[in-house]
Amino acid sequence: MQEKILITGAGGQLGSVLTMKLQEKFGVDHVIATDLYPKVGFSGHFETLDATDYQKLESIVIKYSITQIYHLAAILSANGEKTPVKTWDLNMKTLINVLEVSRIQGLNKVFYPSSIAVFGANAPKDNTSQDQFLLPSTVYGMSKVAGENWVNYYYTKYGLDVRSLRYPGVIGYETLPGGGTTDYAVDIFHKAIHNKPFQCFLSASAQLPMIYMEDAIRATLELMETPKQNITIRSSYNIAGMSFTPNQLFLMIRKTYPKFTITYHPDFRQEIADTWPNSIDDSFAVRDWSWSPKYDLESMTESMIKNLK
Ligand code: SER
């Protein structure tokens, strides 16, 4: 069967790169990118879509005979704190629309990104396991916890094959993140390669789980390809890539840029980071679909610098 893929949030940090990979995998003609605005230089099928608009979403699904949706549109953790109610409304409404259209139009698979933001200050910090009591500190995290429950519900109640990952902070050279707590780990590279000093909005010791873009995309595609009977987590899988502090990243970048400097000015995002894990236990992803990240701090840093230069 020829799959037809729709992506929401296709202009975003992850969505842009995922769209290209899905085009490679399924063929350019079988991938429909959607977002609020078209992206300059994008090649392929694009439809303008505000995913809170059910009618428009459904009309695109029908127009292209869509069989799978990757629902990437969302407001992230840091931006979300500036407009809590709007963040809740947007993150929840778009997900419910995607689940409903998938159920009604009989789609065969949906991908939903969750996040390390589902964990709160109550959870153990190191090797945080899958089954914690989730008490997030941000509206973004709250929307992802609720979203995990909704995707589990649609699977259990309607048999809709929704799959989900709790992404760590995603680091890539291809795109810039927008409004997250982990964004510093991308911004720092752009400063370093332009020989500019970096002002970090987290403290030197704020250790967070991170993943390199290539690993994040591969994890997504591997999860979506896994035989249905192997998927045992129907909320969202913990996945790990690497874990480091701003200071460790700074020291790694300094190996290539010995004159690079950093100053620390923690703001409200530090308070968010304080409630997130240091590192993640992803043993269910390892067991169910053989997850294994390729990149650690050193190889990620090398690849970022090489590609940004
Ligand atoms: N990277 C995201 C953020 O910082 C976490 O999902 O909001």
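Summary of the structure given here.

Cut-off values and rules
Residues numbered from 1 in each chain as written. Predicted model: local features only at pLDDT ≥ 70, side-chain atom pairs only at ≥ 80, totals over all residues. Heavy atoms only, no water. Pairing = 2+ DSSP bridges. Helix = DSSP H or I, 4+ residues; strand = E, 2+ residues; numbered from the N terminus. Contact = heavy atoms within 4.5 Å. Axes fitted to C-alpha atoms, helices over the stretch in contact; angles between N-to-C directions. Near = heavy atom within 4 Å. Polar contact = N/O pair within 3.5 Å; in protein donor to acceptor, adjacent residues only side chain to side chain. Areas by Shrake-Rupley, 256 points an atom, 1.4 Å probe, with all protein chains shown as cover. Buried < 20%, exposed > 50% of the residue type's maximum accessible area, 1.4 Å probe, protein only. Core = buried A, V, L, I, M, F, W, Y, C linked by side-chain atoms within 4.5 Å. Arc of directions from axis to C-beta. Salt bridge = Lys/Arg side-chain N within 4 Å of Asp/Glu carboxyl O. Phe/Tyr/Trp six-rings, centres within 6.5 Å; stacked < 30°, edge-to-face > 60°. Lys NZ or Arg CZ within 6 Å of the ring centre and 35° of its normal.

1. So, the sheet that holds strand S6 (residues 162–167)
An order of S3-S2-S1-S4-S5-S6-S10 is seen for the 7 strands of this open sheet, with the pairing classed as parallel. Looking at the sheet topology across the chains shown, the edges are occupied by strand S3 (45–48) and strand S10 (237–238). Where S6 meets S10, 2 bridges bridge the pair, whose relative direction is parallel. Residue pairing in the sheet places Leu 165 in a bridge with Tyr 237 of S10. Lying over the sheet, helix H5 (residues 139–158) contacts strand S5 (109–115) and S6, oriented at roughly 150° with respect to S5. Along the sheet face, helix H7 (residues 213–225) touches strand S4 (68–71), S5, S6 and S10 and points at about 155° away from the line of S6.

2. Describing the site of the ligand
Taken together, Leu 76, Ser 77, Ser 115, Tyr 140, Gly 169, Gly 180, Thr 181, Thr 182 and Trp 276 are the residues near the ligand. Interatomic distance of 2.6 Å between a backbone N/O atom of Thr 181 and an oxygen atom of the ligand. Thr 182 is positioned such that a nitrogen or oxygen atom in its side chain is 2.8 Å from a nitrogen atom of the ligand. Expressed as a share of its isolated accessible area of 240 Å², the protein-covered part of the ligand is 92%.

3. Describing unusual backbone geometry
Among all residues save glycine, negative phi is the norm, and among peptide bonds the norm is trans. Even without glycine at this site, Asn 127 takes up a positive phi of about 50°. Summarising the element assignment, Asn 127 is placed in the loop between S5 and H5. In this model, Asn 195 sits at a positive phi of 55°, which is unusual for a non-glycine residue. Note that Asn 195 resides in the loop between helix H6 (184–193) and strand S8 (198–200). The exposed category is assigned to Asn 195, whose relative accessible area is 65%.

4. Side note on the nonpolar core
Counting 44 residues, the largest nonpolar core has Ile 171, Tyr 184, Phe 189, Phe 244, Leu 249 and Met 300 as the members making the most contacts within it. At the level of elements, H5, H6, S8, strand S9 (208–212), strand S11 (242–244), helix H8 (246–254), helix H9 (268–274) and helix H11 (297–308) are the ones that each hand at least two residues to this core. In terms of residues, this core owes the most to one element, H6, which gives 7 residues. Within the second largest apolar cluster, 31 residues are counted, among which are Leu 22, Met 213, Leu 223 and Ile 239.

5. Comments concerning the sheet that holds strand S7 (residues 169–171)
One open sheet accounts for 3 strands, arranged S7-S9-S11; its pairing is mixed. Because the sheet does not close on itself, it has two edges, and the strands there are S7 and S11. Shown here is a sheet whose adjacent strand axes are inclined to one another by a mean of 45°, direction ignored. Strand direction decides the pairing type here: S9 and S11, joined by 3 bridges, are antiparallel. Note on S11: the bridge partner recorded for Leu 208 is Phe 244.

6. Describing the side chain of Gln 270
Topologically, Gln 270 is positioned in helix H9. Apart from the residues within four sequence positions on either side, Gln 270 is in contact with Phe 201, Leu 202, Ser 203 and Ala 206.

7. Focus: H8
By the burial criterion, the buried members of H8 are Pro 246, Leu 249, Phe 250, Met 252 and Ile 253. Here the buried residues of H8 occupy an arc of 160° about the axis, which is enough to place them on one side. On its buried side, H8 packs onto H6, S8, S11, strand S12 (262–264) and H11.

8. What to know about the pattern of salt bridges
As a working rule, side chains carrying opposite charge can pair if their charged atoms are close by. Counted according to the given criterion, the structure contains 10 salt bridges. Glu 47 is the salt-bridge partner of Lys 63, the closest N and O atoms lying 2.7 Å from each other. A residue pair is termed long-range when its members are at least 10 positions apart, and Lys 63 in helix H2 (residues 54–63) and Glu 47 in strand S3 qualify at 16 residues. By relative accessible area, which is 14% here, Glu 47 ends up buried. Salt-bridge contacts for Arg 269 lead to Asp 267; the nearest nitrogen and oxygen are separated by 2.6 Å. Connected via shared salt-bridge partners are Asp 161, Arg 163 and Arg 234.

9. Some remarks on the packing of aromatic side chains
Tallying each qualifying case throughout the model produces 13 aromatic pairs. Relative to Tyr 154, the ring of Tyr 153 lies with its centre 6.2 Å away and its plane at 65°, an arrangement referred to as edge-to-face. For Tyr 154, a relative accessible area of 4% corresponds to the buried category. Relative to Phe 201, the ring of Tyr 184 has its centre 6.4 Å away and its plane inclined at 85°; by these criteria the two rings are edge-to-face. Taken together, the residues span a long stretch of sequence, with Tyr 184 in helix H6 and Phe 201 in the loop between S8 and S9 at a distance of 17 residues. When sorted by exposure, Tyr 184 lands in the same class as Phe 201, which is buried. One aromatic cluster in this structure is built from Trp 150, Tyr 153, Tyr 154 and Tyr 158. Above the plane of the ring of Tyr 158 lies Arg 103, whose end atom (NZ or CZ) is 5.0 Å from the centre.

From the geometry alone we can't say anything about function, so treat these as descriptive.
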